[in-house]
Structures are given as structure tokens and as C-alpha cells.
Amino acid sequence: MQTNNPNPAFGADLEPFHGIPSFLRLPATRELDGVDVAVVGIPFDSGTSYRSGTRFGPRKIRESSLMIWGFNRALNIAPTKELKIVDYGDIGVIPVDIRATMKNITKDTKTILDQDVKVLALGGDHSISLPLLRAHAAKYGELAVVHFDSHPDTWDEEYEDQPYSHGTPYLRAIEEKLIDPNAYIQVGIRGPISESTDITEPEEMGVKIQTIEKVLDGGIPSTIEEIHKTIGDRPVYVSLDIDAVDPAFAPGTGTPEVGGLSSYQILQLVRGLQGLNIVGFDLVEVSPPYDHSEITSILAANLAFEFLSLLALMKQVIGV
Ligand SMILES: [Mn+2]
């Protein structure tokens, strides 16, 4: 019998509804000898989303991942055969202290990266990107970034004297020189904003903003071309806020914005990252309490599977 279990040695022939739901039923371990990629949960909800609940994201995405069969037909690769991937479990978060939480995230991520293991982080809200970028920039230097989102996340602050929240990580990352703004592209930006400067300020810093109008009127292939033109062959970090996707396709999120990408369009865009020199991923803002029929977590699990497929293709092509 064919099963969707990519690692029969770990628990042969389990149906999706059986057993302990590690991501893709991969080994749940912190033993990283010979490992290529660690899937890491970061169940942190900074409380700044309109609708909170992203702390439940990693667990639900893991559960939804059990329905994924192992072979990526569109990219013609089986990531769990090509790469040694583990489920690292969750990084310890401290709900009452965002600074202490960010320190934990950076420290644990550095520990993983130091062993030449790549990280696929499952949030959590978008505040987790900043400590993840700190760890990646420490290893790879100033990063290029592909950022799928409906919001630029480059506000200076959401609350007076509070530099850290889910709306500010990318301004902080630019200020801290973790990101080169000239190699930073945002895709899917839309919705009512507080002022036009929400868009013009990051643009003046060099950030390339592909609004939803540009993406959908110009077409997905030309957006993919724009991404490759902006990033080139630089080490690139990919951050995907699930609210880049229309709430009709991804209702389970904290700050939904209407008029976004379909599930298929986000899959096309992510597959279009093939050929980039990708050093890390995060997938954030899945909020299961606001999901329906697991629509959002199933999409998120599939997008994580696409990320792993991209890393597997990189290994095939350049051996890293
Ligand atoms: Mn965001």
C-alpha cells in the first residue's frame, strides 16, 4: 500500500489521523548530525494582531502537513528523499516578554545554523522575523529578502516607545543592517493604510514594493521576473505572511485584507523562487482559532512543503 508517510522507518504506514503529528511525520529531534533542514515552531503571538491566536500556528500546521504526499509533482522532486529534514520542535517563548522571546529565537536559530542546517520557521506572528533575521545575518551577512505580505511591516512603532511588534520587524531589520533594502522585495501589498507614507517611506529606503495591483495586473510571471531581478544570486531570506493570500483562501489570520492572492497564485510565486540562493524561510500569521475547515493551515503546510522542495532542488543543482 502506498502511504503518505515520507519516512516509513519512523512509523510505518500510518494514516494521517494516526500518531504524533511531527511535521510531515519526520523525526522529532534536536540531534542535527548530517541534517540539512530543521523545521522549527515558534508559537509566539505578540498580541499586536487584530485577532490573536498565532501561538497555535505551528501545532496546527504540523497536523495539516500529515495529509501531504511526499512527491512534489509540479517541481518534480521528493524533498524528504533528497534532504535529511527533522522537526526540531518549538523554540521556548515567553508570552509576557517579547525581548526575552526574541533573544531565545536568535540564540536557538544560531545554534542550528552553526551546524550548517537550514531553518524553516513556522510562526507565530510576524514579530518573529526580526530575531530570525538577526541569526541569519550573523551567518550570511547582509541579506536579500523576498517578503510576501499584505502589509509592509515597516512601521516605526505601533505603540509609543515599543519598537518591537508584528508591524515593525522590517524597519528594525533595515536599521540594524540585517537587510540590504536595495535587495528587498515585498509582494502582495494592499488594503487601506494609515497614510501614504506607509508605502513611500520604505520605497525611499530602496525597498521594491509589488502591490497586489502590480502583481495581478502585470501577471505572476512578470512578478517572478521582478523578484529574480531584485535578488540576483545573493543569499536570500524568504518570509511569507499568510495574509498575503486572500482571506477567502486563508481566513485564519490576525489581520486579514481583502482582494489578495489565491492559493494557486501563492504556490506559483513560491515555485518561481526556484534558482535563488535561499538561506532561510519563515511562514507566519496562521491563526487557527479564526480558521475554517483547516483551509489556512492546509495551505500553510503545503507552502512549507514547497519551501522544502526548493531547498531540495538547490541541493540537486549545486550540492548545498
Ligand atoms: Mn506581516
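Residues numbered from 1 in each chain as written. Predicted model: local features only at pLDDT ≥ 70, side-chain atom pairs only at ≥ 80, totals over all residues. Heavy atoms only, no water.

For the protein chain, an unreviewed UniProt entry supplies the name Agmatinase and the organism Candidatus Desulfolinea nitratireducens.

1. Concerning a negative patch on the surface
Formally: Any residue with relative accessible area above 30% and no salt bridge may belong to a patch, with like charges joined within 9 Å and the nonpolar Val, Leu, Ile, Met, Phe, Trp and Tyr side chains within 5 Å. With residues, only the protein chains shown are counted as cover, and all accessible areas are computed by Shrake-Rupley using a 1.4 Å probe. Basic side-chain nitrogens of Lys or Arg form a salt bridge, by our definition, when they fall within 4 Å of a carboxyl oxygen of Asp or Glu. Under the convention used here, Asp and Glu are negative, Lys and Arg are positive, and both His and the chain ends fall outside the count. Throughout, a charge is located at the NZ atom of Lys, the CZ atom of Arg, the CG atom of Asp or the CD atom of Glu. Helix numbering and strand numbering both begin at the N terminus, where a helix is a DSSP run of H or I of at least 4 residues and a strand a DSSP run of E of at least 2.
A surface patch of negative charge is lined by Glu195, Glu201, Glu203 and Glu204. By the element assignment, Glu201 lies in helix 6 (residues 197-204).

2. Here we look at the side chain of Ser262
Selection rule: Each residue's exposure class comes from its accessible area (1.4 Å probe, protein chains only) as a fraction of the maximum for that residue type: buried when under 20%, exposed when over 50%, partly exposed otherwise. Two residues qualify as a contact provided that any one of their heavy atoms is within 4.5 Å of a heavy atom in the partner residue.
Tracing the chain through its elements places Ser262 in the loop between strand 7 (235-241) and helix 9 (263-271). Judged by relative accessible area, Ser262 falls into the buried class, the value being 15%. Beyond its immediate chain neighbours, meaning those up to four positions away, Ser262 contacts Val245 and Phe249.

3. With respect to the coordination of the manganese ion
Basically, it comes down to this: Because no water is among the atoms considered, metal sites can look incomplete, with donors defined as N, O and S atoms within 2.8 Å of the metal, or 3.2 Å for Na, K and Ca.
For the manganese ion, the full set of protein donor atoms is His126 (ND1), Asp149 (OD), Asp153 (OD) and Asp241 (OD), and the range of their distances to it is 2.1 to 2.2 Å. By relative accessible area, which is 7% here, Asp153 ends up buried.

4. Comments concerning the UniProt feature "binding site: Mn(2+) 2" (unreviewed entry) in the protein chain
The criterion, for reference: UniProt positions are given in the numbering used here, feature names are shortened, and annotations may be inferred rather than shown by experiment.
The feature "binding site: Mn(2+) 2" (unreviewed entry), as annotated in UniProt, sits at His126 in this numbering. Of note, His126 is situated in the loop between strand 3 (118-123) and helix 4 (129-140). For His126, a relative accessible area of 0% gives the class buried. Leaving out residues up to four positions away in the same chain, His126 has contacts with His147, Asp149, Asp153, His166, Pro169, Tyr170, Ser239, Asp241, Asp282, Val284 and Glu285.

5. So, the environment of Lys103
Secondary-structure assignment places Lys103 in helix 3 (residues 98-113). The exposure class assigned to Lys103 is exposed, which follows from its relative accessible area of 64%.

6. Re the nonpolar core
Here is the rule: To define a nonpolar core, start from buried Ala, Val, Leu, Ile, Met, Phe, Trp, Tyr and Cys residues and group those joined through side-chain atoms within 4.5 Å.
In terms of nonpolar packing, the biggest core is built from 56 residues, with Val146, Phe148 and Ile278 touching the most fellow members. By residue number, the principal contributor to this core is helix 10 (residues 295-318), which donates 13 residues. Counting residues in hydrophobic clusters, the runner-up holds 38 residues, among them Ala38, Ile128, Tyr170 and Tyr184.

7. Quick look at helix 9
Applied cut-off: The arc in question is formed by the directions pointing from the helix axis toward the C-beta atoms.
What helix 9 keeps buried is the set Ile266, Leu267, Leu269 and Val270. One side of helix 9 carries all its buried residues, which in axial view fall inside an arc of 165 degrees.

8. Let's talk about the pattern of salt bridges
Summed over all chains, the structure comprises 14 salt bridges. Residue Asp108 pairs with Lys107 through a salt bridge whose shortest N-O separation is 3.8 Å. Asp108 sits in the buried class, given a relative accessible area of 14%. For Lys107, a relative accessible area of 54% puts it in the exposed group.

9. Considerations on the pairing of strand 1 (residues 37-42)
Basically, it comes down to this: Pairs of strands are assigned from DSSP output, requiring at least two bridges between the strands.
Counted residue by residue, strand 1 has six buried out of six residues, so it is predominantly covered. Neither face of strand 1 is left uncovered, since the one carrying Val37, Val39 and Gly41 and the one carrying Ala38, Val40 and Ile42 both have all their residues buried. When strand 1 meets strand 2 (residues 85-90), the two strands line up parallel, connected through five bridges. What sits directly across from Val40, in strand 2, is Gly89. Alignment of strand 1 against strand 3, held across six bridges, turns out to be parallel. The residue bridging Val39 from the neighbouring strand is Leu120, located in strand 3.

10. A few points about the packing of aromatic side chains
What counts here: Any Phe, Tyr or Trp ring, taking Trp's six-membered ring, that has another such ring centre within 6.5 Å forms a pair; planes under 30 degrees apart are called stacked, those over 60 apart edge-to-face, and the others tilted.
Per the counting criterion, the structure on display carries two aromatic pairs. Between Tyr170 and Tyr184, the ring centres sit 5.6 Å apart and the planes meet at 35 degrees, which makes this aromatic pair tilted. Linking Tyr170 in helix 5 (residues 169-175) with Tyr184 in strand 5 (residues 179-189), this pair joins segments that are 14 residues apart in sequence. Neither Tyr170 nor Tyr184 differs from the other in exposure class; each is buried. With a centroid separation of 4.0 Å and an interplanar angle of 15 degrees, the aromatic rings of Phe281 and Phe307 are classed as stacked. Highlighted residues: Phe281 in strand 8 (residues 277-284) and Phe307 in helix 10, separated in sequence by 26 residues. For Phe307, a relative accessible area of 0% corresponds to the buried category.

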